[in-house]
Amino acid sequence: MLLFKRKRLLLASACCVILLLLTPTRGDSNSERSYKVAQPLELTPKLSLQLKLHAFLLWCSVGFLMPIGVLLIRVSSNVKSAKSVKLLFYCHVGSQIVAVVLATAGAVLSISNFENAFNNTHQRIGLALYGFIWLQPLIGFLRPDRGMRFRSAWYLTHWLLGIGICVVGVANVYIGLHTYQERTGRSARLWTVLLTVEVAAMAFVYLFQDRWNHVVRQEEAAALGDEQSEGSTMYPANDHKEVIVVP
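Nothing here was measured: the structure is a model prediction, and the numbers come from that model.

Asks: Would you mind showing me how to read the overall build of the protein chain here?
Replies: Counting its secondary structure elements, the protein chain contains 6 helices and 0 strands. The order of helices and strands in the protein chain, counted from the N terminus, is α-α-α-α-α-α. The burial tally for the protein chain puts 28% of its 247 residues in the buried class. Considering only residue pairs separated by 6 or more positions, the protein chain has 72% of its internal contacts joining residues 24 or more positions apart. Here the protein chain has roughly 17,700 Å² of accessible surface; of this, 67% comes from carbon and sulfur atoms.

Have a look at this one:
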């Protein structure tokens, strides 16, 4: 019964996402116009604040919290303490929930206040990204129990979608910074450098985890080998070999 309700919830949510993606926006009335040349954007104080808030929300969401959630769940797979695993899992869930809320706020802000002709790469990727961001927690909610038939397929889907959202999201933040600089004439170099440093640090931690786990396993294997060698009885070589019969 619970599984049936979850399937109905997933179907209803997927329909909502599809309807959202197909909903006409304010820019659709001019869809026949040519947008080959981007018009310079005249910044008012209000629009400037909205752009900065939009960028900050999406940076925090797909550029920080979602990658942090990936790192947390990755660490939990190598933790032996059940209490630590549970804590890391709840931290993962919490970070992703906050990330989805921030991304939703950024989506509402952009759809209600900005041009929505979807004539550039940043807007098109962003629209698709919003749909997948809202789909990912639903997939996480439908997680099968361990040992069930579809557990491996669910895990692979959830992992691939999560990694894909992080990679595409970070790339779209870069594209957004470039678009901002191109449309306004204002430099975004400092924010690009800061984002690069952050992404490089997270990528280093992500890749270092595998090497660190390998080192730990090697040390454990070496320690186990030492214990086995110490536990075995070593006899000195003698000229006269003796056979000891144990009754």
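Asks: Would you take a moment to explain a nonpolar patch on the surface for this structure?
Replies: A grouping of Tyr-155, Leu-156, Trp-159 and Leu-160 is seen on the molecular surface, where their side chains present a nonpolar patch of about 430 Å² in accessible area. Assignment of secondary structure puts Tyr-155 in helix H5 (residues 151–184).

Asks: Would you mind going over the packing of aromatic side chains with me for this structure?
Replies: Any aromatic ring pair is given by two values, namely how distant the centres are and how the planes are angled relative to each other. Enumeration according to the criterion identifies 4 aromatic pairs in this entry. Here Trp-59 and Trp-191 contribute two aromatic rings whose centre-to-centre distance is 6.2 Å and whose plane-to-plane angle is 85 degrees, an arrangement assigned as edge-to-face. In this pair, Trp-59 is assigned in helix H2 (residues 45–76) and Trp-191 in helix H6 (residues 189–231), connecting sequence segments 132 residues apart. Among the residues examined, Trp-59 registers a relative accessible area of 15% and is labelled buried. For Trp-191, a relative accessible area of 47% gives the class partly exposed. Summarising the aromatic geometry, the rings of Phe-89 and Tyr-90 are spaced 5.7 Å apart at their centres and angled 65 degrees between planes, so their arrangement reads as edge-to-face. Note that Arg-74 overlies the ring of Tyr-206, its terminal NZ or CZ placed 3.9 Å from the centroid.

Asks: Is there a simple way to explain the packing of helix H3 (residues 82–113) against helix H4 (residues 121–141) in this structure?
Replies: Two quantities define a packed helix pair, namely the angle between the axes and the distance from one axis to the other. The interhelical angle for the contact between H3 and H4, taken along N-to-C directions, is 150 degrees, at an axis separation of 10 Å. Taken together, the axes of H3 and H4 lie roughly antiparallel to each other. Handedness of the crossing formed by H3 with H4: left-handed. Contacts from Val-100, Ala-103, Thr-104, Gly-106, Ala-107 and Ser-110 of H3 reach H4 at Tyr-130, Ile-133, Trp-134 and Pro-137. Of the residues contributing to the contact of H3 with H4, the split by class is 7 nonpolar, 3 polar and no charged.

Asks: I'm lost on H3 in this one. Help?
Replies: The end-to-end C-alpha distance of H3 is 47 Å, a good match for the 46 Å that 32 residues give at a rise of 1.5 Å each. Listed in full, the buried residues belonging to H3 are Leu-88, His-92, Ser-95, Gln-96, Ala-99, Val-100, Ala-103, Gly-106, Ala-107, Leu-109 and Ser-110. Among the structural elements, H2, H4 and H5 are those in contact with the buried residues of H3.

Asks: Is there a simple way to think about the nonpolar core in this case?
Replies: Val-62, Met-66, Ile-133 and Ile-165 are the most contacted members of the largest nonpolar core, which has 23 residues in total. Elements that contribute at least two residues to this core include exactly H2, H3, H4 and H5. Tallying contributions element by element places H2 first for this core, with 7 residues. Not counting residues up to four positions away in its chain, the partners in contact with Met-66 are Ser-61, Gln-96, Ala-99, Val-100, Ile-133, Ile-165 and Cys-166.

Asks: Looking at this structure, how should I read the environment of Trp-159?
Replies: Examined against the element boundaries, Trp-159 turns out to sit in helix H5. Counting along the chain gives 89 residues from Trp-159 to Val-70, while the straight-line C-alpha distance between them is 8.6 Å.

Asks: What am I meant to see in the confidence of the model for the protein chain here?
Replies: Any region with low pLDDT has predicted coordinates that should not be read closely. Of the residues in the protein chain, 70% have a pLDDT of 70 or more, and the chain-wide mean is 76. The low-confidence segment residues 13–37, where pLDDT is below 50, has 17 contacts with residues more than four positions distant or belonging to other chains. With pLDDT under 50 throughout, residues 233–247 is counted as low confidence; its partners more than four residues away or in other chains account for 0 contacts.

Asks: Where do I start with the side chain of Arg-74 in this structure?
Replies: With respect to the helices and strands, Arg-74 occurs in helix H2. On the accessibility criterion, Arg-74 (19% relative accessible area) is buried. Separated by 3.3 Å, the side chains of Arg-74 and Tyr-206 make a polar contact. Here Arg-74 is in contact with Tyr-206, Gln-209 and Asp-210, once residues within four sequence places are set aside.

Asks: Sorry, what's going on with H4 here?
Replies: An α-helix turns once per 3.6 residues; consequently, residues spaced three or four apart project the same way. With 21 residues, H4 should reach 30 Å at 1.5 Å per residue; the first-to-last C-alpha distance of 31 Å fits that figure. When H4 is considered as a whole, its buried residues turn out to be Gln-123, Gly-126, Leu-129, Tyr-130, Gly-131, Ile-133, Gln-136, Leu-138 and Ile-139. N-capping of H4 is provided by Asn-120, with a side-chain oxygen placed 3.2 Å from the backbone N of His-122.

Rules behind the numbers
Residues numbered from 1 in each chain as written. Predicted model: local features only at pLDDT ≥ 70, side-chain atom pairs only at ≥ 80, totals over all residues. Heavy atoms only, no water. Helix = DSSP H or I, 4+ residues; strand = E, 2+ residues; numbered from the N terminus. Buried < 20%, exposed > 50% of the residue type's maximum accessible area, 1.4 Å probe, protein only. Contact = heavy atoms within 4.5 Å. Areas by Shrake-Rupley, 256 points an atom, 1.4 Å probe, with all protein chains shown as cover. Patch = residues over 30% accessible without salt bridge, like charges linked within 9 Å, V, L, I, M, F, W, Y side chains within 5 Å. Salt bridge = Lys/Arg side-chain N within 4 Å of Asp/Glu carboxyl O. Phe/Tyr/Trp six-rings, centres within 6.5 Å; stacked < 30°, edge-to-face > 60°. Lys NZ or Arg CZ within 6 Å of the ring centre and 35° of its normal. Axes fitted to C-alpha atoms, helices over the stretch in contact; angles between N-to-C directions. Parallel < 35°, antiparallel > 145°, perpendicular 65-115°, else oblique. Left-handed = near helix turned anticlockwise from the far one by under 90°. Nonpolar A, V, L, I, M, F, W, Y, C, P; charged D, E, K, R; others polar. Expected span 1.5 Å × (residues − 1). Core = buried A, V, L, I, M, F, W, Y, C linked by side-chain atoms within 4.5 Å. pLDDT = per-residue confidence, 0-100. Polar contact = N/O pair within 3.5 Å; in protein donor to acceptor, adjacent residues only side chain to side chain.

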